[in-house]
Amino acid sequence: MSQKLVERLRAEFGDRILDAGSQHGDESVVVGREDLPAVAAHLKGREDCELLLDVVGVDRSELPAHRDDPERFEVVYNLRSLARNHRLLVKVRAGEGQDVPSLAGLYSSANWAEREVYDLYGVRFRGHPDLRRILCHHEFEGHALRKDYPIERGQFLSVPEKLIQDHEIERAAHRAEAAGGSVLPSDLLTVNIGPSHPATHGALRAEVLLDGETIVEARTEIGYLHRCFEKEAEDHTWAQVMPYTDRLNYVSAMLNNCIYCAAVEKMFDAEIPPRARVVRVIVSELARIIDHLVCVCANLVDLGALTNYWFFYNVRESIYYDVIEPLCGSRLTTNFTRIGGLGYDVFAGFEAAVERNLAKLETAIGEVTGLVARNRIFLDRTVGIGAMTPAQALDWGFTGPCLRATGLAYDVRKHAPYDGYETYDFDVPVGTAGDTRDRIMVRIEEMRQSSRIIRQALARGLPGGPILADDPRFALPPKEKVYGSIEGVMNQFKLIMEGARVPAGEAYGFGEGGNGELGFYCVSDGGGRPYRVKVRPPCFPIFSAFGEMVKGLMIPDAVAILGSINIIAGELDR
């Protein structure tokens, strides 16, 4: 599909398409900076590329083929069409001091994504409505993901940033007055929600303008974990990055493990053993269940419904203690998969333990839905609150349950199947209103569907055979080879000390995470360490819409919305 799309682009734009390529099934085109808006508008309007998934920055200054290239930076727009089921990477290049036209007016999801590239690389986006730092603080000097920025250099913040400026207060007052009120700027109250408030779960901050009890303007700050995942990835081998993926969405670490491994395996064009593939499906669906359990029970607590928390959280703990910990020795951060398969085989009694917990899950779902599905307080707090239309959700880059709540049945497991998902029978739950209630109920139904997938995998029986591919390019050799042959010793030594030498090139590996499409855009220079790993965190674009979602509502509504969009700080600010 994407190849035909590239041909149509060439027919439409001729030599304005500077280059086109395909690597590992990812189709890409290179366009001039000034041609980017026209090409992007054509793709959105004529080719139904309604979803801008991510914007990726790459500093090419240390890539062998580009060391003397005056266009040091590459900016990659990752576009997706749900209607036509095709993907395309649109690339533009810029030298030091050159800017790139912003696409924030075409895709709302470009707003924060371009700010991130500006923050970390210094590439300016002409026409951007709010071009300021987003991951690093406002006193930060330099750009952290440039190749010449030293990894050990940390910088402290002395004065917090004021998010809402005086001119924004003026604009909000004018809007409120135009809507029929008589509000003066002095009548508006600025209030901080978070980061210390329990409803923001210790990391998020929203600065809101209140007209009485109504939010008329909101600006958000994405947290203060800042573990520098992408910078650290460049300083470690491909295999050593694995434990860092646990700390992205730490609520569903197994999903991060599996999807990262799949991205690196895509670079190798590697196949994993059937047994490893089925186990990955089972643990991924268990991780999805855990993610939804925590999201829904915490959201209900924020609404004042504590009892539901224990029904769901007890199941979450039971899965951890009965299945995850015996499987890999850890609960929250798992480090379970390996490039080419798994780190460990399943334990004796694994299937029975999974079945026991699925039965507990079904009981808990019945108890919680019985308490909330027709509960008047729950419905008053959630129905119509934070509603998004399908067009709005796509514009802001929503994927996962938040997108499906609007009625769009987009699920990576169906639209771009991997790990054999096309062989499983399951439904994609959707909502109708895209509001807080639908986001909660979609997640509850998705747990039932995950349980359905797991039961099918168990009913088929786990395939026999190895759990790790027999490929010396990336898989550690068996101990008998290490102890019994010089080839085995050298293979292990080089993989441990130098890392797996991933073929030079790039690939975007992705899967259905707990919050939506989780992707890793990987660039290799042929060495044992990643040249670039860009995470496409599903909740980053979702949280970018929070300020718009809460306008015209009240603070309790903002709390309900925030819980329903399930922001995980570890993947949000990385």
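Figured I'd write up the structure that's included with this text. (Residues numbered from 1 in each chain as written. Predicted model: local features only at pLDDT ≥ 70, side-chain atom pairs only at ≥ 80, totals over all residues. Heavy atoms only, no water.)

### As for the overall build of the chain
Tallying secondary structure elements over the chain gives 21 helices and 15 strands in all. Taking 574 residues into account, the globule formula puts the C-alpha radius of gyration at 25 Å, and the chain, at 24 Å, falls close to it. Overall size of the chain, expressed as C-alpha extent along the three principal axes, is 85 × 60 × 50 Å. Residues classed as buried in the chain amount to 59% of the 574 residues present. Of all intrachain contacts in the chain linking residues separated by at least 6 positions in sequence, the fraction that spans at least 24 positions is 66%. Carbon and sulfur atoms make up 53% of the accessible area of the chain, which totals about 22300 Å². For the chain, the distance from the average site of its 65 positive side-chain charges to the average site of its 82 negative ones is 2 Å. (Helix = DSSP H or I, 4+ residues; strand = E, 2+ residues; numbered from the N terminus. Rg over C-alpha atoms; globule rule 2.2 N^0.38 Å. Buried < 20%, exposed > 50% of the residue type's maximum accessible area, 1.4 Å probe, protein only. Contact = heavy atoms within 4.5 Å. Areas by Shrake-Rupley, 256 points an atom, 1.4 Å probe, with all protein chains shown as cover. Lys, Arg positive; Asp, Glu negative; His and termini not counted. Charge placed at Lys NZ, Arg CZ, Asp CG, Glu CD.)

### So, the layout of surface pockets
One way to see where empty space is left: roll a probe the size of a water molecule over the atoms. Its volume calculated, the largest pocket comes out at about 890 Å³. Around the largest pocket, the lining is made up of 41 residues, and of these Leu-135, Cys-136, His-137, Phe-140 and His-226 lie nearest the centre. Of all the secondary-structure elements, those providing two or more residues to the lining of the largest pocket are α3 (110-121), β10 (214-221) and α5 (229-233). Of the residues assigned to the lining of the largest pocket, the class counts are 20 nonpolar, 7 polar and 14 charged. (1 Å grid on protein atoms, 1.4 Å probe; cavity = no way out; pocket = protein on both sides within 12 Å on 5 of 7 lines; lining within 4 Å. Points joined across faces, edges and corners; volume = space filled by probe spheres on them. Nonpolar A, V, L, I, M, F, W, Y, C, P; charged D, E, K, R; others polar.)

### Section: the sheet that holds strand β4 (residues 73-81)
Where strands meet in a sheet, backbone hydrogen bonds hold them as pairs that are either parallel or antiparallel. Reading across from one edge, β1-β2-β5-β4-β3 is the order of the 5 strands in this open sheet, with mixed pairing throughout. What marks the edges here is a single partner per strand, and that holds for β1 (17-23) and β3 (51-59). Neighbour to neighbour, the strand axes of the sheet diverge by 20 degrees on average, direction disregarded. Here 6 bridges tie β1 to strand β2 (residues 26-31), and the two strands are oriented antiparallel to one another. Bridge assignment links Gly-21 to a residue of β2, and that residue is Ser-28. (Pairing = 2+ DSSP bridges. Axes fitted to C-alpha atoms, helices over the stretch in contact; angles between N-to-C directions.)

### A few points about the packing of helix α7 (residues 253-268) against helix α8 (residues 274-302)
Contact geometry for α7 and α8: axes closest at 8 Å, N-to-C directions at 135 degrees. Taken together, α7 and α8 sit at an angle that is classed as oblique. Across from Met-254, Leu-255, Cys-258, Cys-261, Ala-262 and Glu-265 in α7, the residues of α8 making contact are Arg-280, Val-283, Ser-284, Ala-287 and Arg-288. Among the residues making up the contact of α7 with α8, the classes are represented as 7 nonpolar, 1 polar and 3 charged. (Parallel < 35°, antiparallel > 145°, perpendicular 65-115°, else oblique.)

### A few points about the sheet that holds strand β9 (residues 205-211)
Judged by pairing direction, the sheet is antiparallel, and its 3 strands sit side by side in the order β8-β9-β10 without closing on themselves. Both outer strands of the open sheet, β8 (189-193) and β10, are each paired with one neighbouring strand and no more. When strand polarity is set aside, the average angle formed by the axes of neighbouring strands in this sheet is 25 degrees. Sheet topology note: the β9/β10 ladder contains 7 bridges and is antiparallel. Bridge pairing in β10 places Arg-205 opposite Glu-221.

### Details of the nonpolar core
In terms of nonpolar packing, the biggest core is built from 147 residues, with Tyr-77, Phe-398 and Phe-543 touching the most fellow members. Within the second largest apolar cluster, 27 residues are counted, among which are Ala-233, Met-267, Ala-469 and Ala-507. (Core = buried A, V, L, I, M, F, W, Y, C linked by side-chain atoms within 4.5 Å.)

### Concerning the pattern of salt bridges
As enumerated under the stated definition, the model contains 56 salt bridges in all. One salt bridge in this structure joins Lys-534 and Glu-116, with 3.8 Å as the shortest N-O distance. With Lys-534 in strand β15 (residues 532-536) and Glu-116 in helix α3, the pair connects residues that are 418 residues apart, well separated along the chain. Between Glu-548 and Lys-551 there is a salt bridge, and its shortest N-O distance comes to 3.1 Å. Salt bridges sharing common partners tie together Glu-285, Arg-288, Arg-404, Asp-411, Arg-413, Glu-446 and Glu-512. (Salt bridge = Lys/Arg side-chain N within 4 Å of Asp/Glu carboxyl O.)

### A word on the packing of aromatic side chains
Counting across every chain of the model gives 15 aromatic pairs. Judged by centre distance (6.4 Å) and plane angle (70 degrees), the ring pair of Phe-73 and Tyr-121 falls under edge-to-face. Of the two residues, Phe-73 sits in strand β4 while Tyr-121 sits in helix α3, which places them 48 residues apart along the sequence. By relative accessible area, which is 3% here, Phe-73 ends up buried. On the basis of relative accessible area, Tyr-121 is assigned to the buried category, the value being 2%. In this structure, Arg-413 packs its charged tip against the face of Tyr-421, placed 5.8 Å from the ring centre. The cationic tip of Lys-414 hangs over the ring face of Phe-426; the distance from NZ or CZ to the ring centre is 4.3 Å. (Phe/Tyr/Trp six-rings, centres within 6.5 Å; stacked < 30°, edge-to-face > 60°. Lys NZ or Arg CZ within 6 Å of the ring centre and 35° of its normal.)

### Focus: the packing of α8 against helix α20 (residues 555-565)
One way to put it is that α8 packs onto α20 with a least axis distance of 8 Å and a crossing angle of 175 degrees. On the basis of their axis angle, the class for α8 and α20 is roughly antiparallel. Along the contact surface, α8 presents Cys-295, Asn-299 and Asp-302, while α20 presents Val-559, Ala-560, Gly-563 and Ser-564. For the contact of α8 with α20, the per-class residue count stands at 3 nonpolar, 3 polar and 1 charged.

### Some thoughts on helix α15 (residues 436-460)
Spacing of three or four residues puts side chains on the same side of an α-helix, whose turn is 3.6 residues. The terminal C-alpha atoms of α15, which comprises 25 residues, lie 37 Å apart, in line with the 36 Å expected from a rise of 1.5 Å per residue. Residue Gly-461 follows α15 closely and has a positive phi angle near 85 degrees. (Expected span 1.5 Å × (residues − 1).)

### Section: helix α17 (residues 486-497)
Here α17 spans 16 Å end to end across 12 residues, near enough to the 16 Å set by a 1.5 Å rise per residue. Among the residues of α17, Gly-488, Asn-491, Gln-492 and Leu-495 are the ones counted as buried. Buried residues along α17 cover an arc of 95 degrees about the axis, so they all sit on one side. The exposed set on the far side of α17, more than 90 degrees from its buried face, consists of Ile-486 and Met-497. Contact partners of the buried residues in α17: α16 (479-484). Phi turns positive, to about 90 degrees, at Gly-499, one or two residues after α17. (Arc of directions from axis to C-beta.)

By themselves, these are just geometric observations and shouldn't be taken as functional.
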